[in-house]
Amino acid sequence: MRKVLVIAAREFIATVATRGFIIGWLFTPVLITLLMLAIPRLFNQSGFRAEGQIAVIDSSGVVAHALADVVDPRTLAQRRLASARAIVESTFAAGPAPRVATAGADAMAAAAAREVQIPDLHVLVRPPDADMAHERAWLAQPAPPKTRHLALVVVHPEAISGTESGDQNAYDLYVPASLDSRIEGVIREVLHDAIVSVRARAYRLDLTRLDQLTSVRGKIINVSRLGAEQPAAGLLNRIMPFALIAFMLIGALGGGQFLLTTMVEEKSSRIIEVLLSAVSPVELLAGKILGQLGASLLGMGLYLLVAIVALLAFALFGLIDTSLLFYLLLFFLISFLVIGSVMVGVGAAVNEMRDAQSLLAPFMIALSAMWILVMPLSLNPGSRLATTLSFTPVLSSFAMMVRLASASPPPLWQVCISVLVGLASVALAIAFAARIFRIALLLHGRPPSLGTLIRWAMSP
Amino acid sequence: MGDAISLHAVTKTFGSTKAIDDLSLEVPLGGLYGFIGPNGAGKTTTIRILMSMLLPDCGRVCVLGQPSALKAKDRIGYLPEERGTYRKMRVGAFLQYMGRLKGVHASVIAHRVRIRLERLGLAEYEHKRCEELSKGTQHKVQFLGAVIHDPDLLILDEPFSGLDPVSTMQLKALILAEHARGATILFSTHVMAHAEELCAHVIMINRGRKVLDDPIAQIRGRYDPRTIRLEPLDAQADDRPLRAVPGVEAVRRHANGFEIRLAASADPATAIAHLAAAVRSSRIELARPSLEDIFIGIVSGSAERSGSASAATER
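All chains use their own residue numbering, which begins from 1 and follows the written sequence. Just so you know, chain letters begin at A and ligand numbers begin at 1, following the order they were written in. Since the coordinates come from a predicted model, pLDDT governs what is reported: local features require at least 70, and pairs of side-chain atoms require 80 or more to be given and counted, while whole-chain, interface and lining totals use all residues.

Undergrad: Got a minute to help me understand the overall build of chain B in this structure?
TA: Helix and strand counts for chain B stand at 10 helices and 13 strands. Counts of 20 or more other C-beta atoms within 10 Å of a residue's own C-beta define buried residues, counts of 12 or fewer define exposed ones, and intermediate counts define partly exposed ones; C-beta atoms are placed from the backbone. Across the 315 residues that make up chain B, the buried fraction comes to 38%. We call two residues in contact if the C-beta atoms placed from their backbones are at most 7 Å apart. In chain B, the proportion of contacts linking residues at least 24 apart, taken out of those at least 6 apart, comes to 68%. Comment: elements are numbered from the N terminus, with helices defined as DSSP H or I runs of at least four residues and strands as E runs of at least two.

Undergrad: How should the sheet that holds strand β2 (residues 120-126) of chain A be read in this particular structure?
TA: Hydrogen bonds between backbone groups are what pair the strands of a sheet, and the pairing can be parallel or antiparallel. Residues and elements named next belong to chain A. We treat two strands as partners when DSSP finds at least two bridges between them. Strand order in the open sheet made by the four strands is β2-β1-β3-β4, with mixed pairing throughout. Looking at the sheet topology across the chains shown, the edges are occupied by β2 and β4 (171-174). Each adjacent strand pair in this sheet contributes to an overall mean axis angle of 20°, direction not counted. Alignment of strand β1 (residues 51-58) against strand β3 (residues 149-155), held across six bridges, turns out to be parallel. Paired with Q53 across the bridge in β3 is H149. Fitted lines through C-alpha atoms give the axes, limited to the stretch in contact for helices. The angle between two N-to-C directions lies from 0 to 180 degrees. Helix α7 (residues 181-202) contacts β1, β2, β3 and β4 of the sheet and is inclined by roughly 35° relative to β3.

Undergrad: What is the right way to look at the packing of helix α1 (residues 2-16) of chain A against helix α11 (residues 281-313) of chain A in this model?
TA: Two quantities define a packed helix pair, namely the angle between the axes and the distance from one axis to the other. Residues and elements named next belong to chain A. Here α1 crosses α11 at 40°, and the two axes come no closer than 7 Å. With respect to α11, the element α1 is oriented oblique. Crossing handedness for the pair α1 and α11: right-handed. Listed contacts from α11 to K3, V4, I7, A8, A9, R10, E11, F12, T15 and V16 of α1 are E283, L284, A286, G287, K288, L290, G291, Q292, G294, A295 and L298. Charged means Asp, Glu, Lys or Arg here, nonpolar means Ala, Val, Leu, Ile, Met, Phe, Trp, Tyr, Cys or Pro, and polar covers whatever is left, Gly included. A breakdown of the residues in the contact of α1 with α11 according to their chemical character gives 11 nonpolar, five polar and five charged. Orientation categories follow fixed angle ranges, with anything under 35 degrees roughly parallel, anything over 145 roughly antiparallel, 65 to 115 roughly perpendicular, and all other angles oblique. Here a crossing is called left-handed whenever its near helix is offset anticlockwise from the far helix by less than a right angle, and right-handed whenever the offset is clockwise.

Undergrad: Is there a simple way to explain the interface of chain B and chain A in this structure?
TA: One widely used convention gives an interface's size as the accessible area the parts lose upon coming together. Taken together, the contacts link 19 residues of chain B with 14 residues of chain A. Looking at the side of chain B that touches chain A, the elements with two or more residues in it are β5 (76-79) and α2 (91-101) of chain B. Its residues assigned to classes, the side of chain B that touches chain A comprises 10 nonpolar, three polar and six charged.

Undergrad: Before we go on, may I ask you to explain the sheet that holds strand β8 (residues 201-206) of chain B in this structure?
TA: Residue and element names in this part refer to chain B. The mixed open sheet is built from six strands, whose spatial order is β5-β6-β7-β3-β8-β9. In this open sheet, the two strands that pair with only one neighbour each are β5 and β9 (209-215). On average, adjacent strands in this sheet sit at an angle of 15° to one another, irrespective of strand direction. Strand direction decides the pairing type here: strand β6 (residues 153-157) and strand β7 (residues 184-189), joined by five bridges, are parallel. From the neighbouring strand, L156 faces β7, where its bridge partner is F187. Across the sheet, helix α4 (residues 135-147) lies against β5 and β6, angled at about 160° from β5, the strand it touches most.

Undergrad: Please clarify how the pairing of strand β1 (residues 3-14) of chain B should be interpreted in this entry.
TA: If a strand is regular, its side chains alternate between the two faces of the sheet. All names here are of chain B. As judged from the eight bridges shared by β1 and strand β2 (residues 17-28), these two strands associate in the antiparallel manner. In the sheet register, F14 faces β2, and the bridge partner there is T17. Between β1 and β2, which follow one another and run antiparallel, lie two residues, and G15 among them has a positive phi close to 60°. Where β1 lies against strand β4 (residues 58-63), five bridges are found, and the strand directions are antiparallel. If you follow T11 over to β4, its bridge partner there is C58.

Undergrad: I tried to follow the packing of helix α12 (residues 323-349) of chain A against helix α15 (residues 396-405) of chain A on my own but got confused; where do I start?
TA: All names here are of chain A. Here α12 crosses α15 at 170°, and the two axes come no closer than 9 Å. For the element pair α12 / α15, the angle class is roughly antiparallel. Across from L324, Y327, L328, F331, I334 and S335 in α12, the residues of α15 making contact are S397, F398, M400, M401, L404 and A405. Classifying every residue of the contact of α12 with α15 by side-chain character gives 10 nonpolar, two polar and no charged.

Undergrad: How should unusual backbone geometry be read in this particular structure?
TA: Outside of glycine, negative phi angles account for most residues, and trans bonds account for most peptide bonds. Residue and element names in this part refer to chain B. In the Ramachandran plot, A9 falls in the positive-phi region, its phi being about 50° despite a non-glycine side chain. Within the element layout of this structure, A9 appears in strand β1. Overall, the presence of 12 C-beta atoms within 10 Å leaves A9 in the exposed class. Its identity is not glycine, yet D150 carries a phi of approximately 50°, on the positive side. Among the structural elements, D150 can be located in the loop between α4 and β6. The class of D150 is partly exposed, set by 15 C-beta atoms lying within 10 Å.

Undergrad: I would appreciate a short explanation of helix α16 (residues 412-440) of chain A in the present structure.
TA: Residue pairs three or four apart in sequence face the same way in an α-helix, which turns once every 3.6 residues. Residue and element names in this part refer to chain A. Spanning 29 residues, α16 covers 41 Å between terminal C-alpha atoms, matching the ideal 42 Å at 1.5 Å per step. Looking only at α16, the buried set comprises S418, V421, G422, S425, V426, A429, I430, F432, A433, I436, F437 and A440. Elements that come into contact with the buried residues of α16 comprise α11, α12, α14 (384-390), α15 and α17 (450-458). An expected span of 1.5 Å times one less than the residue number is assigned to each helix.

Undergrad: Sorry if this is basic, but what is going on with the pairing of strand β3 (residues 32-36) of chain B here?
TA: Residue and element names in this part refer to chain B. Counting buried residues in β3 gives five out of five residues, a clear majority hidden from the surface. Here β3 shows a buried face lined by L32, G34 and I36 and a second buried face lined by Y33 and F35. As paired elements, β3 and β7 share five bridges and run parallel to each other. For L32, the partnering residue across the bridge sits in β7 and is I185. Pairing of β3 with β8 involves four bridges; the strand directions are parallel. Pairing of I36 across the sheet is with M204, part of β8.

Undergrad: Please explain the nonpolar core as it appears in this structure.
TA: Note on soluble globular proteins: their nonpolar side chains tend to be buried together. By our criterion, buried Ala, Val, Leu, Ile, Met, Phe, Trp, Tyr and Cys residues that link up through C-beta atoms within 7 Å make up a nonpolar core. By size, the foremost hydrophobic cluster in this structure holds 141 residues, and its most contacted members are V344(A), V346(A), M401(A), A433(A), Y33(B), L50(B) and I155(B). Among the elements that make up this core, the one with the highest residue count is α12(A) (15 residues). Residues within four places of V344(A) in sequence aside, it is in contact with L259(A), L260(A), M263(A), L285(A), K288(A), I289(A) and A433(A). If you look at the next biggest cluster of nonpolar residues, it comprises 30 residues, including A50(A), I54(A), I195(A) and V198(A).

Undergrad: Sorry if this is basic, but what is going on with the environment of E126(B) here?
TA: Residues and elements named next belong to chain B. As for its position among the elements, E126 is in the loop between α3 (106-119) and α4. For E126, a count of 16 C-beta atoms within 10 Å puts it in the partly exposed group. Distance from E126 to G92, taken between C-alpha atoms, is 4.6 Å for residues 34 residues apart in sequence. Setting aside chain neighbours within four positions, we find E126 in contact with V91, G92, R114 and L117.

Undergrad: Help me understand the confidence of the model for chain A in this model?
TA: Low pLDDT marks stretches whose predicted atomic positions should not be read closely. Residue and element names in this part refer to chain A. On a range of 0 to 100, pLDDT expresses the predictor's confidence in each residue. The share of residues in chain A with pLDDT of 70 or more is 84%, and the mean pLDDT across the chain is 82. At the level of individual helices and strands, chain A shows its lowest average pLDDT in helix α5 (residues 98-115), which scores 57, and its highest in β3, which scores 93. In the model, residues 94-101 has pLDDT below 50 throughout and makes 15 contacts with residues more than four positions away in sequence or in other chains.

Below is the structure:
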């Protein structure tokens, strides 16, 4: 055991002192945060503006004028601000600190509204008996951007009254084939608003009042385990499964990657035979895994510390079930030992990283699938998919962690089976790595095929 | 005195290739043995079996009284043929690590490493990274790593490969110093001259089989020289007086003189005296066969035998 600890200590120090570890563990979250901030800005609509002309042949006689009112830039700006505020408020409806949320919602809504440029649309009213061929030709005519011919709208006579079945079109919208779908969306939106406002007037309805009556809002308050009231953390609950999976995958895959890299390096630099003169292959394997586990736990500990400080700062720590921390540690250990053992075993069988990558491809694809699966698992933690994955070797720990962090945790017996599956996976993965260590550590030359690797692993 | 190493009827096969074939050998405690043979003879495989890095298909292994080197690793120093260091690690840290793995206590290892580096004139390298060292210095550091725990048994696999003459000489001195300290040493080489210079005993293998296992002196005695080389003062000297010397079987002229073959019954010392008197010579010497000559003789002899055997089988 002493030699295992000596190897583990060297592995730990050699890992945490590398630039790779510092970049991987400290800069990755910073990078992710920066990307999260940057990507919406890169994809935002600030460069987009709908501008041009809309010709309207209005058989109802009232929609065209209503449309002209709706596309008025001031009206549009007010509507954008109102809808942005509604989105922000719904996001933070169950927010942690109402004071902060209310103040922030106004600012965020204003900022969001500013991000989108107000359309500059002009309505050209055509007579009801206008020549359609001529109007279609107008639509196809090129024009400067500001007076571009965007659409021809033919409003049906029954657009206001509607039909009993309600399946009658209120209008026909003619647009150039090359029209930006976002512009088409804006036109449909303003048409909708114009027709609804006309209909409301026709039936003597107060739209503002109608909005108030159909809007039902509520406040959600969580009660902590100690019975104290706490503001709900809907956003936190939604983020939690993703955060936990990120913790586990970054920790286990990062550690596994270090194990793989150092193993291949040690083989190619021929230090391995020197080490084997001092320790057995199993001691070497155990020391390496233990050292990397320590490094990964250090990284995870740093992340957790930051997360806990953040939760305490927002008075949200009480919302976290502390048993989650226990499960996180347990399932992280299981996943690390499985992933680490497989990766170090493959590292021991090859001499170059590219050979390792091709052998590990199926394994890595299965693990990467967790990034995609976390969403369906957290939305439906009791589904057949979630249960199956909870009992699937390699993936069981990740799937169970998502379910435990969800609003509907699985029954205890499923957690127990998942742990047992995980422990069996650990035993198999370590046995695999130990056999590869015994057979392949001193082999150089042609890399083994996947079949050879499996044959080695099955050897007595 | 017991044996430090004992192999009995060990066989190891890789696929269809028999790397070691029924090999038995003993190295007594305190011995300095050369383990020689051409490339591919099975030396490294034998050593890896000794170190329990490979398991034999059959046969018995005993190292320092243990059935497996795993149980005596802390008493064994090993320098493999393909040796490496942690390139980014500092020399001092690397040696401390090797020492700790070999059971040296943490409280003494740092001091011991410093002292050993100073003794070898490598003190200035203690804080340098291994990758910054020249090949010769790296070899010394690797050797130091193999002996940092003062092993009872030192196994060196091709320790001189890739070294320049000066580094080779320095490494030989280090090996002899370890032997003088009391360590049993077994080193493999395909350069027979190294074994001839350092060892009192050699074990020779070829194609996985032992072909020679004797003290150097005994080998030389067994391969009693029957050839005398003579360089006459007069390059045109006649060979008839030489042929007339009693005990001379054949005389062959070559570029620098004569090669005289003696009869089995002839005494070399008497023959030399008579030959010197027969022709005035600038140099006359008994041509002692080198290990290389002996090895080539054995291998070609066994090749011939196996050739005749296969020919007989074909007939």
